[in-house]
Amino acid sequence: MLRAAPLVLISMNKKISSFISGKRFIDNRDLILALILYLIIGIFSLKYYQHVINPDTICYIGIAAKYAEGDFGNAVNGYWGPLFSWVLVPFLLTGHTPLSALTSIKILSLIIGAFNITGLWLLSNKFRMDRTIRLLFIISTIPLILYFVYIKITPDLLLATCLIFYLNSIFNPEYPRKYKHGVISGFTGALAYLSKVYALPFFLVHFILFNTIYYFKKYKPDKKRVRNNLIIGLAVFLVISGFWALSLNEKYGELTFGTSSEYNQALIGPEVQLHDPMTNNGLIKPPNDGATSAWEDPSYIKMPGWSPFESWESFNYQMNIIWNNILQTLTFLCEFSIITFLILIMAVIILFKSSNSEHKFKIASLIVTMAIFTMGYWTIRVEPRLLILIYFLIPLLAGYLICIIKEKFKINNNIITGIAAIMFVLLVVSPTITLYETANTDNEAYKISNTLQENYDVHGNIASNTNRRLTLFVAYYLGAQYYGSAKFTANIGDYLQKNNIDYYLVYESTEDLKIDHYQEITIPVKPYIRVFKRV
C-alpha cells in the first residue's frame, strides 16, 4: 500500500499537469478571466446606479417581500412571473429597507449576469469559435448585461439567461443521444416561463420545431431518442409550469398560465389604444395593503376585451399593429448597433452560398431562434428591452461568421482578430453610452422622500396632481401606497377623501390652493412640491 502511494501521487500530478496545460483549462481560464472582469466592473459601478429604479422593479421587490413575510396569498401574482421574486427572497429574510432591497435586487441581477456570461460561453463552444474571438465576444456582452443589471432591472436578463442555457441543450450535438438533454431543455424552459410568461409560447414553438427538424432530417438514425427527448422535455416543462398555473387558478378562480398577455392584448385594443387605465383612470386602490401601487397586480384592472377575428375592421386593426411592430423592431435593432443588419445580411449570404451543411444549419438555427422570439411580440407591442435575447445572439452570430470567413479564406490571425475587435466594439457602443448617461441619476425621488419623511412624516395613502412616475418612486422609499394622479379641480377634496387619501402632493403650483378636508403642511419642497394632509 505504501509503495503504491508514490505511484498514485505521480499519476495525479501528471493528470493535474495535463489539465493545467490542456485546452480545457485554457478555455476555463478565459471564462474565469471574463467573469472576474465583469464582476470588478459591476461591483465598482454599483455606487453610480444606487438609486436607479423603475415601476416594474418596485413590483418584484414588493412580491419578494411578501414571500419573505409568509404572505403567500398576496405574493402569488398572475401578471409578474414569480422566479425573479423567488430568488430575491433570501436577500430579504433578515429584514430590509426600501433602499437596501433596491440594492439587493441589483446585486442579484449582477449574479444572474455572471450565469448569463457562463451560459454564453458554453453556447459559443457549440459554435466552435476561436479562443480569441470567443473571449472578445464574451467581453463585448458585459456592457449590455450591466445595462440590464442597473438600468432595466426586470426579469428580462433572467429570462435570457434561462433561454441561453436552454439553447445550450437543444443545440448540443449530443442532444439526440442523451436523455438528460430532454430533461435540461424542459427544466430551463420552465424556468424561463417562471421568469416571464412570454417564454411559454416561445419554448413550445421552438422546442417542438427543432425536435421535428431533428426527427425528420438532421438525426434520422436517432429518431427514437429524439422523439423520447421531445416527450421528456415537454413533460418536465408542463409539470413545472402546471404547478404554477394551479396556484394562479386558486387565486383568480380560472385556469391561466399568466394574466399579462390578456392585459396587454386589451391594452392595444381599438377601445383603449394604449391609453393605460393605470395612468388615465384617476385614483386606483392598490390590490393589497403591502402593495406600493395598483401596478403590483394589474390583473384586477378590467378593460374591454377584443379579438382580431370578431370583424374585418378588427382584423385590419391587428394587421396594422403587426406592421408597425415590425418597423419598430427594425428600428430597435438598428439603434442597438449600426452593424446589426450587416451581420444579418452576411449570415443570409453565407447561409445560401456555403457548401458546409454544419455551418448552414448553425446559422439557420440562430436566425430561426431570433425570428421566433421576435415574432411573438409583434401581435401586441415591442419595446427595446424585450429583444434582449436577440441582443445576445447577434454578437454570437457575428463571432461565428468571423470564424467561418477566417476558415474559408485562410486569413491571418492578427487581421481576423482586428476585424473581430472592431465589430464587437461597434456592438457595445449603444449600451455603453446609455450606462454613461444614466450614471448618478434618479437621485431626486430618494432625496424628496427623505425630506417628506423627516420634516412632515408623510406616510399612508398618497396621491398627486401630476408626476405620476416620480411620486411612485417617492412612495416606494416612504413605504407608502400610491393611488395615482388626480388633477386639481374644485371638488378634488371630496374625491380624495372618498378614496381614503392621507396626503395629496401638488407639483409646480404657486397659486393659493384651498382643498376641502385637507390642509397644506409644507413649505414647498424642491422641485416645488406642496403637501396637503387630510384633517
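Preceding this section is the structure that the text describes.
Below or above, wherever it landed, is the structure these notes cover. The model shown is predicted, which means the values in this text are computed figures rather than measured ones. (Residues numbered from 1 in each chain as written. Predicted model: local features only at pLDDT ≥ 70, side-chain atom pairs only at ≥ 80, totals over all residues. Heavy atoms only, no water.)

## Points about the sheet that holds strand β4 (residues 518-520)
Adjacent strands of a sheet form backbone hydrogen bonds with each other and so pair up, either parallel or antiparallel. Rule in force here: We call two strands paired when DSSP finds no fewer than two bridges between them. By definition, any uninterrupted DSSP run of H or I lasting at least four residues is a helix, any uninterrupted run of E lasting at least two residues is a strand, and each is numbered from the N terminus. A fitted line through C-alpha atoms represents every axis, and for helices the fit uses only the stretch in contact; the resulting angles, taken between N-to-C directions, go from 0 to 180 degrees.
The mixed open sheet is built from 5 strands, whose spatial order is β2-β1-β3-β5-β4. What marks the edges here is a single partner per strand, and that holds for β2 (481-485) and β4. Averaged over all adjacent pairs, the angle separating strand axes in this sheet is 25°, with direction ignored. Strand direction decides the pairing type here: β4 and strand β5 (residues 529-534), joined by 3 bridges, are antiparallel.

## Focus on the side chain of K106
Put simply, the rule is: Throughout this description, buried means an accessible area under 20% of the type-specific maximum (1.4 Å probe, protein chains only), exposed means over 50%, and partly exposed covers the range between. A residue counts as positive if it is Lys or Arg and as negative if it is Asp or Glu; His and the chain ends are not included. Each salt bridge in this description consists of a side-chain nitrogen of Lys or Arg and a carboxyl oxygen of Asp or Glu lying within 4 Å of one another. Residues adjacent in sequence count toward polar contacts only when both atoms are side-chain atoms; beyond that, a polar contact is any pair of N or O atoms within 3.5 Å, and within protein one must be able to donate a hydrogen and the other to accept it. Here, residues are in contact when the closest pair of their heavy atoms is within 4.5 Å.
Within the element layout of this structure, K106 appears in helix α6 (residues 98-126). For the buried K106, no salt bridge is present, and the opposite-charge side chain at shortest range is D442, 7.6 Å distant. A distance of 2.4 Å separates the side chain of K106 from the backbone oxygen of Y49, its partner in a polar contact. A distance of 2.9 Å separates a polar atom in the side chain of K106 from the backbone oxygen of V52. Not counting chain neighbours up to four residues away, the residues in contact with K106 comprise L46, Y49, Q50, H51, V52, V149, Y150 and I153.

## Topic: a nonpolar patch on the surface
This is how the line gets drawn: Any residue with relative accessible area above 30% and no salt bridge may belong to a patch, with like charges joined within 9 Å and the nonpolar Val, Leu, Ile, Met, Phe, Trp and Tyr side chains within 5 Å. Computed by Shrake-Rupley with a 1.4 Å probe, the accessible areas treat only the displayed protein chains as cover when residues are assessed.
Together, I32, I36 and I40 make up a nonpolar patch on the protein surface, roughly 290 Å² of accessible area in all. Residue placement: I40 occurs in helix α2 (residues 23-45). Accessibility expressed as a relative area gives 54% for I40, which makes it exposed.

## A few points about helix α5 (residues 83-92)
Quick reminder: α-helices carry 3.6 residues per turn. Residues three or four places apart thus point the same way. Those residues of α5 that fall on the buried side of the exposure criterion are L83, F84, S85, L88, V89 and L92. Of the surrounding elements, those touching the buried residues of α5 are α3 (55-69), α6, α9 (156-170) and α10 (180-195).

Distances and angles like these do not, on their own, reveal function.
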